[in-house]
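Chain by chain, the residues:
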Amino acid sequence: MEYDELIAQGLTTPFEGWDFGVFQGRMTEKALPWDYGELVRERLPYTGSLLDLGTGGGEFLAALGPLPARTAATEGYAPNVPVARKRLEPLGVEVVEVGDDDRLPLTDASFELIVSRHESYDPAELRRVLKPGGTFITQQVGGQDLADVNRVLGAPAHEYTEWNLAAAVEELTEAGFEISWQTETLVESTFLDVGALVLFLRITPWHVPDFDVIRYGDRLRALHDQMRTGHPLTTTAHRFALTAQIPT
């Protein structure tokens, strides 16, 4: 495809929920050395209540089943809320729309397990909503994630560059959690065409907050020319994960 066609595609391709299937064949990421889904699944048979933070369109949660008797999910991106409700409510899952301050409109000590994949959280709120002895499992995007994208575009670095495993462990420990497992890694991630990069930056506006295809047009065109010669944009994804408990 030519440059203008790829840019238009990146700006208009529909994206619903949090389903990255649209990037198949256009963006690749090497597998993580752990499986977040398995971390959650292995605890479900012993869990009577589950809360999924930032469920997106409910894709991950719906695939877990069978779910605990009481399962709820939060979502802060308004267009995703009806998508999640359509998918999850038939499964008996309550979907709660939340604001952007990590406050949870849920009662104290109401869940045995809270999970969060790539969603922000407030440790104090987690502790309030978890039952005594409850567990929190999270996989997070670290502050060094895809830093080469910003570099290649000449964009400012992330505002959250200090967000990493050590910072998360410190915050949760200060809030009274006990960390039982933790890990962190960097894995290769590749964009194969400039349209995929534009789509990615469109749906992750925090990555390059002032992103605009006109403002960054010269860099995007140079990147497109590079990709056409068989040199994709290879960068590094930053991920970490942990499991934490509230003491009984």
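Starting from 1, residues in each chain are numbered consecutively following that chain's sequence as written. In keeping with the predicted nature of the model, local features appear solely for residues at pLDDT of at least 70, side-chain atom pairs appear and are counted solely at 80 or more, and the whole-chain, interface and lining totals rest on all residues. Excluding hydrogens and water, the side-chain values take into account all heavy atoms of the structure.

1. Some details on the overall build of the protein chain
When its secondary structure is counted, the protein chain shows nine helices and eight strands. A compact globule built from 248 residues would reach a C-alpha radius of gyration of about 18 Å, and the protein chain, at 19 Å, matches this within 12%. Taking the principal axes of its C-alpha atoms as reference, the protein chain extends roughly 60 × 40 × 30 Å. Per-residue burial over the protein chain gives 48% buried out of 248 residues. Here the contacts in the protein chain between residues at least 6 apart in sequence split such that 66% fall between residues at least 24 apart. For the area figures, the Shrake-Rupley method with a 1.4 Å probe applies, and any residue is considered shielded solely by the protein chains shown. A total of about 12,000 Å² of accessible surface is found on the protein chain, and carbon and sulfur atoms cover 50% of it. Averaging the coordinates of the 20 positive side-chain charges in the protein chain and doing the same for the 38 negative ones gives two points 3 Å apart. Strands here are runs of E lasting at least two residues and helices are runs of H or I lasting at least four, both read from the DSSP assignment and numbered beginning at the N terminus. Only C-alpha atoms enter the radius of gyration; for comparison, a globular chain is expected to reach 2.2 Å times N to the power 0.38, where N is the number of residues. Exposed residues in this analysis have more than 50% of their type's maximum accessible area, buried residues have under 20%, and partly exposed residues fall in between, with area computed by a 1.4 Å probe over protein chains only. Two residues qualify as a contact provided that any one of their heavy atoms is within 4.5 Å of a heavy atom in the partner residue. When charges are counted, Lys and Arg contribute as positive and Asp and Glu as negative, whereas His and the chain ends are disregarded. Charge coordinates come from a single atom per side chain, which is NZ of Lys, CZ of Arg, CG of Asp or CD of Glu.

2. So, the sheet that holds strand 6 (residues 130-141)
A pair of strands is labelled paired if DSSP reports no fewer than 2 bridges between them. Taken together, eight strands build an open sheet; the order of strands is 1-7-8-6-5-2-3-4 and the sheet is mixed. With one partner strand each, in any of the chains shown, strand 1 (27-29) and strand 4 (94-97) form the two edges of the open sheet. Averaged over all adjacent pairs, the angle separating strand axes in this sheet is 20°, with direction ignored. In the sheet, strand 2 (residues 49-53) pairs with strand 5 (residues 111-117) via four bridges, with the strands oriented parallel. Residue pairing across strands places L53 opposite S116, the latter belonging to strand 5. Across the face of the sheet, helix 4 (residues 80-88) comes into contact with strand 3 (70-75) and strand 4 while running at roughly 170° to strand 4. Lines fitted to C-alpha atoms define the axes, with helix axes restricted to the stretch in contact, and inter-axis angles between N-to-C directions lie between 0 and 180 degrees.

3. Details of the side chain of T47
Its location among the elements puts T47 in the loop between helix 2 (36-41) and strand 2. Relative accessible area serves as the criterion here: at 13%, T47 is assigned to the buried category. Beyond its immediate chain neighbours, meaning those up to four positions away, T47 contacts P68, E112 and L113.

4. Considerations on the nonpolar core
A general tendency of soluble globular proteins is for nonpolar side chains to be buried together. Here, nonpolar core means buried Ala, Val, Leu, Ile, Met, Phe, Trp, Tyr and Cys residues that are tied together by side-chain atoms lying within 4.5 Å of each other. Within the largest apolar cluster, 29 residues are counted, with the highest numbers of intra-cluster contacts made by F191, F211 and L220. The set of elements that each furnish at least two residues to this core consists of helix 1 (3-12), helix 6 (147-153), strand 7 (178-191), helix 8 (194-203), helix 9 (217-228) and strand 8 (233-245). It is helix 8 that contributes the most residues to this core, eight residues altogether. In contact with L220, not counting residues within four places along its chain, are Y3, I7, L153, V194, L197, V198, F211 and V213. By size, the runner-up hydrophobic cluster in this structure holds 24 residues, among which are Y121, V129, A168 and I246.

5. Quick notes on unusual backbone geometry
Of note, the bond from G65 into P66 is cis; its omega dihedral lies within 30 degrees of zero at 0°. A positive phi is found at A109, a non-glycine position, where the angle reads about 45°. Topologically, A109 is positioned in the loop between strand 4 and strand 5. The exposure class assigned to A109 is partly exposed, which follows from its relative accessible area of 35%. With a phi close to 65°, H118 is a non-glycine residue in the positive phi region. With respect to the helices, strands and loops of the structure, H118 is situated in the loop between strand 5 and helix 5 (123-129). On the accessibility criterion, H118 (31% relative accessible area) is partly exposed.

6. Remarks on helix 1
For helix 1, the full list of buried residues reads Y3, L6, I7 and G10. Down the axis of helix 1, the buried set is contained in an arc of 100°. They therefore lie on one face. Away from the buried face of helix 1 by more than 90 degrees, exposed residues D4 and T12 are located. As for helix 1, its buried residues are in contact with helix 8 and helix 9. Arc, as used here, means the arc of the directions from the helix axis to the C-beta atoms.

7. Re the side chain of R26
By the element assignment, R26 lies in the loop between helix 1 and strand 1. Setting aside residues no more than four positions away along its own chain, R26 makes contact with L6, Q9, T190, F191, L192, D193, G195 and A196.

8. Section: the pattern of salt bridges
Salt bridge, as used here, is a side-chain nitrogen of Lys or Arg placed within 4 Å of a carboxyl oxygen of Asp or Glu. Inspection of every chain in the model, using the stated rule, returns 13 salt bridges. In this structure, the salt-bridge partner of R239 is E29, at a minimum N-O distance of 3.5 Å. One end of the pair, R239, is in strand 8; the other, E29, is in strand 1, and 210 residues separate them in sequence. Taking relative accessible area as the criterion, R239 reaches 8% and is therefore assigned buried. R87 serves as the salt-bridge partner of E59, at 3.8 Å between the closest nitrogen and oxygen. With E59 in helix 3 (residues 59-64) and R87 in helix 4, the pair connects residues that are 28 residues apart, well separated along the chain. For E59, a relative accessible area of 22% gives the class partly exposed. A relative accessible area of 34% means that R87 is categorised as partly exposed. Each of E29, D145 and R239 takes part in one network of salt bridges that share partners.

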